[in-house]
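One letter stands for each residue in the lines below.
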Amino acid sequence: QPTYLSDYRPPAYRVTHTELTFDLDPSATRVKARLHLERHPEHEPGAALELDGEQLTLKAIAIDGQPLDEDEYALTDTGLRVHRVPQRFLLDTEVNIAPEANTALEGLYLSNGMYCTQCEAEGFRRITYYPDRPDVMATFSTTVIGDAVQLPILLSNGNPVERGELPGGRHFVTWDDPHPKPSYLFALVAGDLKKVEDGFTTMSGRDVTLQIWVEEENLDKTDHAMASLKRAMQWDEETYAREYDLDLFMIVAVNDFNMGAMENKGLNIFNSAAVLTHPHTATDAAFQQVEGIVAHEYFHNWSGNRVTCRDWFQLSLKEGFTVFRDQCFSADTNSAPVKRIQDVSFFRTAQFAEDAGPTAHPIRPDHYIEITNFYTLTIYEKGAQVVRMLSNLLGWEAFRRGSDLYFERYDGQAVTIEDFVGCMAEVSGLDLSQFMRWYSQAGTPEIDTQGEYDYAKCEYRLVLRQRTPATPGQPDKLPLHIPLRLGLVGTKSGRDLPLTLDGESLGSDTVIHLREEEQEFVFTDVSEAPVPSLLRGFSAPVKLRFPYGREDLAFLLQHDSDDFNRWDAGQRLAMLALEDLIAAHRNGVEKVMDTRVVEAFRGLLATETDDKAVLAEMLTLPTEAYIAEQQALVDVDAIHAAREFVKQSLAAALRDDFLRLFEENRSDAAYAPEPEQIAQRSLKNVALAYLMAIEDDQGIELARTQFAADHNMTDVRHALTLLVHSSRTDIAEPALKAFGEAWAHDPLVMDQWFSIQVTRPQPDALERVKFLMDHPAFSLKNPNKVRALIGAFAQNRVNFHRLDGAGYRLLADVVITLNQLNPEIAARIITPLTRWQRFEEPRQELMKAELERIRAEELSPNVYEVVEKALA
Ligand code: ARG
Ligand code: ZN
């Protein structure tokens with residue numbers, strides 16, 4: 001039952017206009033659809049009309065006003081076929097659906113008494129019979145009818161054109177969306193909502209009304225999203241010359257949502273967690289995430305909506321490009337190096353793990369069973385890295401011309417990744433044929449590098465070897481075109497040396513292109529012995545190995561002109577120390593702290609810095625998940641012990657420095673989510689984490705005071721986490737209790753409360769999860785709650801991987817329940833179990849046994865696809 005890219009055929013019939021009428025009711029919503037259809041000119045007459053439809057009850061069907069006889073059409077579980085249709089015709093259908101029974105949160109469903117939709121990728125077929133594929137684009141006219149008291153607000157895409165009263169206390173609004181769109185961009189919202197309104201005048205002078213719709217109690221949490229939206233609109237005009245194209249732009253916050261947000265034309269629907277912020281309820285990280293997601297969805301209006309995907313294999317066409325755009329936007333609005341560091345460190349932890357696991361797939365997969373399983377880090381984040389490489393290969397100016405050409409040539413069309421890359425090749429004259437392999441080859445390329453300085457000849461020889469490991473279904477890989485940005489840092493001067501390659505001088509920071517399996521680059525006129533600074537800015541999504549000594553890394557940490565690589569040198573240095581300690585732990589040998597790491601950190605703490613956010617990142621150790629990614633077989637306990645040991649050793653050795661850093665960066669200024677303040681808070685909180693690592697009285701007192709000061713959620717949450725994750729349960733419990741009571745009314749804060757306690761390293765974490773699953777604020781039907789409690793627990797490395805297998809069992813139980821309630825979330829939450837091959841015995845066997853227990857159930861296609869891959 002997989003769908004294959006190679007089976008793609010253009011649709012036989014296209015819809016030129018769609019008219020919908022919804023008569024809303026929780027158990028029996030009536031959906032009338034009138035589709036204006038015509039046969040595609042290239043298709044021969046006689047083809048049957050195939051429409052998608054799932055979980056619909058058909059009440060009426062007619063063509064050009066003539067009801068069809070039962071033998072004129074056929075119904076299946078997945079759709080409807082009309083055997084014979086004219087060349088141009090009107091199709092009228094009427095179906096019933098039950099939004100209140102929809103726990104999968106795809107199609108039309110109820111969230112807190114409010115109707116909303118999620119149609120991407122294939123949710124529209126749960127609303128009405130339709131050619132539910134992105135290459136069918138139509139204008140829409142939608143009438144929404146509902147109870148005037150319970151559902152005062154009725155929204156859909158485009159502009160409201162008519163409204164009125166109806167008998168029986170009902171009312172209606174009709175919406176017109178003049179821009180042709182695929183069904184996945186359809187949206188409807190109905191409920192008792194309140195709005196915040198603002199405006200934006202586009203570069204050509206169009207006045208756009210901006211609205212954010214929320215439940216009344218959240219009206220005070222919309223400022224930041226609104227400000228972010230306006231910044232994003234401005235940025236897209238300045239950076240890509242993209243302008244908004246309707247008079248109204250709406251955002252709606254809903255509590256039950258499978259993902260972050262959805263770019264429906266003119267009516268973006270957001271997970272409330274991705275839009276609501278308030279200094280008292282949201283952390284700095286949440287503020288920044290909201291800014292990024294608001295921008296991401298807005299940017300889709302061009303990269304996704306005006307130009308969309310031909311089929312779902314092209315998903316990265318819109319997602320990779322749009323993530324790249326939102327990353328650049330956030331870099332421009334905040335600290336650019338920190339944005340890069342955070343994106344890459346997440347990428348190397350989570351996407352590398354995906355690429356190395358049983359669900360590894362190319363950025364453009366060639367088959368799938370369930371498309372919702374492919375909203376992945378590979379499609380989104382690796383896709384964005386590849387677009388970033390393109391922008392670097394072409395240079396910004398040419399990349400912009402390529403992007404202009406793409407938007408102009410394909411406006412209103414559904415296209416492919418080749419069309420996008422083709423525009424880039426056309427404007428630049430570059431041959432991007434080898435580059436295209438990035439889209440078809442799964443797995444993370446590994447580059448082994450060797451460097452040698454010849455004193456006599458003043459030459460630096462760099463030998464690079466690339467290899468991409470086999471992934472499921474792709475045993476053999478071809479060499480990729482890998483742009484590698486680098487510099488040579490002189491060991492005497494501490495500066496980037498001028499680079500000369502084949503007689504050409506290239507400045508002190510350049511990009512070399514690795515295309516072969518093995519290539520040698522000889523830099524001449526290198527006046528002093530250098531340490532190479534390789535893969536600056538993470539110029540390609542690869543693993544790069546170089547036999548750096550610890551002195552080299554300490555040197556780069558101090559001298560590299562590239563902030564990203566300075567940070568990376570620190571991470572590599574810490575990794576070397578951590579690897580020793582992991583080995584010591586496994587061998588039962590006494591752990592000894594590497595003094596070079598201590599001295600390197602001392603150096604960092606002593607230098608004046610203008611970017612505190614970068615310093616905070618440099619002082620942060622690699623996470624346990626990242627460390628695990630670096631190991632052949634993961635030993636969770638050794639990793640945890642080693643990392644704690646490093647933290648405590650640094651804290652003990654540098655206590656006074658951390659104390660000073662903490663004091664220097666304390667502030668009573670009114671909270672603002674501004675880069676300088678955020679940087680200062682993160683630096684202060686890094687210092688506090690070290691001080692708490694040794695759990696002395698002073699550290700504990702500082703954390704307690706910060707928790708009690710209740711100044712903003714960033715500081716409160718950080719302090720609470722430190723207390724709860726400490727061994728001082730006597731202090732943790734009252735703080736947790738106070739926090740849980742104070743915020744019982746706020747679901748988004750309760751999510752944080754759940755996560756904080758189930759991620760604690762103490763051995764009671766699993767029992768807490770079980771206990772909290774019965775908490776009144778918890779529900780398996782709400783994806784945010786599932787992520788906050790179950791998802792967070794699965795990130796608790798030592799406890800999820802308990803040797804008695806109880807962590808695995810708990811997750812499997814949840815997957816089995818969610819498999820019926822919400823297959824999309826079930827198939828996502830299962831991920832940690834699919835990585836069983838990375839662990840030692842007996843964990844492997846225990847994890848596999850749980851996967852097998854899941855496999856024995858009656859499975860949704862979503863879970864089936866993931867489990868089959870995991871056990872293959
Ligand atoms: N297009 C949305 C976004 O990236 C995500 C939609 C996800 N849909 C799904 N069924 N998981 O902004
Ligand atoms: Zn997106």
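Residues numbered from 1 in each chain as written. Chains lettered and ligands numbered in written order. Predicted model: local features only at pLDDT ≥ 70, side-chain atom pairs only at ≥ 80, totals over all residues. Heavy atoms only, no water.

Student: Kindly report on the pattern of salt bridges, identifying the contributing residues and their values.
Tutor: When the charged atoms of two side chains with opposite charge come close together, those side chains can pair. Counting across every chain of the model gives 77 salt bridges. Of the charged contacts, one joins aspartate 404 and arginine 242 as a salt bridge, the two residues approaching to 3.7 Å between their closest N and O atoms. With aspartate 404 in helix H6 (residues 396–409) and arginine 242 in the loop between helix H1 (223–240) and strand E19 (248–254), this pair connects stretches of sequence that are 162 residues apart. With a shortest N-O distance of 3.4 Å, glutamate 741 and lysine 737 are connected by a salt bridge. Here glutamate 741 pairs with lysine 737, and both are found in helix H19 (residues 729–742), just four residues apart, close to one helical turn. The same class applies to glutamate 741 and to lysine 737, which are both exposed. Where salt bridges share partners, they join Arg485, Asp496, Asp509, Arg536, Asp560 and Asp562 into one cluster. (Salt bridge = Lys/Arg side-chain N within 4 Å of Asp/Glu carboxyl O. Helix = DSSP H or I, 4+ residues; strand = E, 2+ residues; numbered from the N terminus. Buried < 20%, exposed > 50% of the residue type's maximum accessible area, 1.4 Å probe, protein only.)

Student: Before we move on, could you go through helix H28 (residues 861–871) and cite the residues and values that matter?
Tutor: Taken together, the buried positions of H28 are occupied by Asn862, Val863, Glu865, Val866, Val867, Ala870 and Leu871. Residues of H28 that are buried make contact with strand E23 (367–368), helix H24 (806–821), helix H25 (823–829), helix H26 (831–834) and helix H27 (843–855). (Contact = heavy atoms within 4.5 Å.)

Student: Account for the nonpolar core, with residues named and values stated.
Tutor: With 285 residues, the main nonpolar core has Leu390, Tyr406, Leu484, Phe523, Leu650 and Leu833 as its most contacted residues. At 10 residues, helix H10 (residues 563–587) tops the list of elements feeding residues into this core. Non-local contacts of tyrosine 406, meaning those with residues more than four positions away in its chain, are made with Val307, Leu317, Phe321, Asp411, Val415, Asp419, Phe420 and Cys423. (Core = buried A, V, L, I, M, F, W, Y, C linked by side-chain atoms within 4.5 Å.)

Student: Explain the sheet that holds strand E15 (residues 170–181) to me, using residue names and the numbers behind them.
Tutor: Within a sheet, each strand pairs with its neighbour through backbone hydrogen bonds, oriented either parallel or antiparallel. With mixed pairing, the eight strands of this open sheet are ordered in space as E6-E5-E9-E3-E2-E12-E15-E14. The open sheet is flanked by strand E6 (66–67) and strand E14 (159–166), the only strands paired with a single partner. The pairing of E14 with E15 spans seven bridges and is antiparallel. For glutamate 162, the partnering residue across the bridge sits in E15 and is threonine 174. (Pairing = 2+ DSSP bridges.)

Student: Please give an account of the sheet that holds E19 that cites residues and values.
Tutor: Pairing in this open sheet of five strands is mixed, and the strands run E17-E18-E19-E21-E20 from one edge to the other. Two strands in the sheet have a free side with no partner beyond their single neighbour: strand E17 (194–201) and strand E20 (261–262). Sheet analysis places strand E18 (residues 207–214) next to E19, joined by five bridges and oriented parallel. Bridging from a neighbouring strand, isoleucine 212 pairs with isoleucine 251 of E19. Helix H2 (residues 284–299) rests against E19, E20 and strand E21 (267–271) of the sheet, and its axis sits at about 150 degrees to E21. (Axes fitted to C-alpha atoms, helices over the stretch in contact; angles between N-to-C directions.)

Student: Which residues make up the environment of proline 362, and what values go with them?
Tutor: Looking at the element boundaries, proline 362 is found in the loop between helix H4 (336–355) and E23. Sequence-distant contacts of proline 362, that is, excluding residues within four places in its chain, are made with Thr378, Ile379, Tyr439, Ser440, Gln441, Ala442 and Gln474.

Student: If you had to explain the packing of aromatic side chains to someone new, which residues and values would you point to?
Tutor: The geometry of an aromatic ring pair is captured by two quantities: the separation of the ring centres and the angle between the planes. A complete count under the given rule lists 44 aromatic pairs for this structure. The interplanar angle of 75 degrees and the centroid separation of 5.7 Å between the aromatic rings of phenylalanine 249 and tyrosine 298 together place this pair among those described as edge-to-face. Note that phenylalanine 249 is positioned in strand E19 and tyrosine 298 in helix H2, a separation of 49 residues in sequence. Side by side, phenylalanine 249 and tyrosine 298 carry an identical accessibility label, which is buried. Both rings, one in tyrosine 453 and one in tyrosine 455, keep their centres 4.9 Å apart while their planes meet at 70 degrees; by these two values the pair is edge-to-face. Residue classification places tyrosine 453 among the buried residues on the basis of a relative accessible area of 16%. Here the basic side chain of arginine 325 rests over the ring of tyrosine 240, its NZ or CZ set 4.6 Å away from the ring centre. (Phe/Tyr/Trp six-rings, centres within 6.5 Å; stacked < 30°, edge-to-face > 60°. Lys NZ or Arg CZ within 6 Å of the ring centre and 35° of its normal.)

Student: Could you give an account of the coordination of the zinc ion (ligand 2), with specific residues and numbers?
Tutor: Only His296 (NE2), His300 (NE2), Glu319 (OE) and Glu319 (OE) from the protein reach the zinc ion (ligand 2) as donors, at distances of 1.9 to 2.8 Å. Geometry at the zinc ion (ligand 2) is irregular, judged from the six donor atoms that bind it and their angles of 44 to 161 degrees at the metal. Along the chain, the residues donating to the zinc ion (ligand 2) fall in the pattern H-x3-H-x18-E. In this pair, histidine 300 is assigned in the loop between H2 and strand E22 (308–309) and glutamate 319 in helix H3 (residues 315–333), connecting sequence segments 19 residues apart. Glutamate 319 shares its class with histidine 300; the two are buried. (Donors = N, O, S within 2.8 Å, 3.2 Å for Na, K, Ca; no water. Tetrahedral: all angles 85-135°; square planar, octahedral: opposite > 155°, others 65-115°.)

Student: Talk me through the site of ligand 1; I want residue IDs and the actual numbers.
Tutor: In the vicinity of ligand 1 there are 16 residues, among which Glu120, Glu263, Glu297, Tyr380 and Glu824 approach most closely. Within the side chain of glutamate 263, a nitrogen or oxygen atom sits 2.7 Å from a nitrogen atom of ligand 1. Note that an oxygen atom of ligand 1 is positioned 2.5 Å from one of the side-chain N or O atoms of tyrosine 380. Burial of ligand 1 by the protein amounts to 97% of the accessible area it has alone, namely 350 Å². Going through the elements one at a time, E20, H2 and H3 are the ones with two or more residues in the shell around ligand 1. Within the shell around ligand 1, the residues separate by chemical class into six nonpolar, four polar and six charged. (Near = heavy atom within 4 Å. Polar contact = N/O pair within 3.5 Å; in protein donor to acceptor, adjacent residues only side chain to side chain. Areas by Shrake-Rupley, 256 points an atom, 1.4 Å probe, with all protein chains shown as cover. Nonpolar A, V, L, I, M, F, W, Y, C, P; charged D, E, K, R; others polar.)

Student: Run through the side chain of threonine 277, naming residues and quoting values.
Tutor: Mapping threonine 277 onto the fold places it in the loop between E21 and H2. In this structure threonine 277 touches Asp220, Lys221, Thr222, His224, Ala282, Ala286, Phe287 and Val290, once residues within four positions along its chain are discounted.

Student: Any details on the packing of H3 against H4? Residues and values, ideally.
Tutor: Direction vectors running N to C along H3 and H4 enclose 140 degrees, while the axes themselves pass 7 Å from each other. In this view, H3 runs oblique relative to H4, as classed from their interaxial angle. Residues Gln327, Ser330 and Ala331 of H3 lie in contact with H4, whose contacting residues are Ala336, Lys339 and Asp343. Among the residues making up the contact of H3 with H4, the classes are represented as two nonpolar, two polar and two charged. (Parallel < 35°, antiparallel > 145°, perpendicular 65-115°, else oblique.)

Honestly, it's all geometry; don't read function into it.
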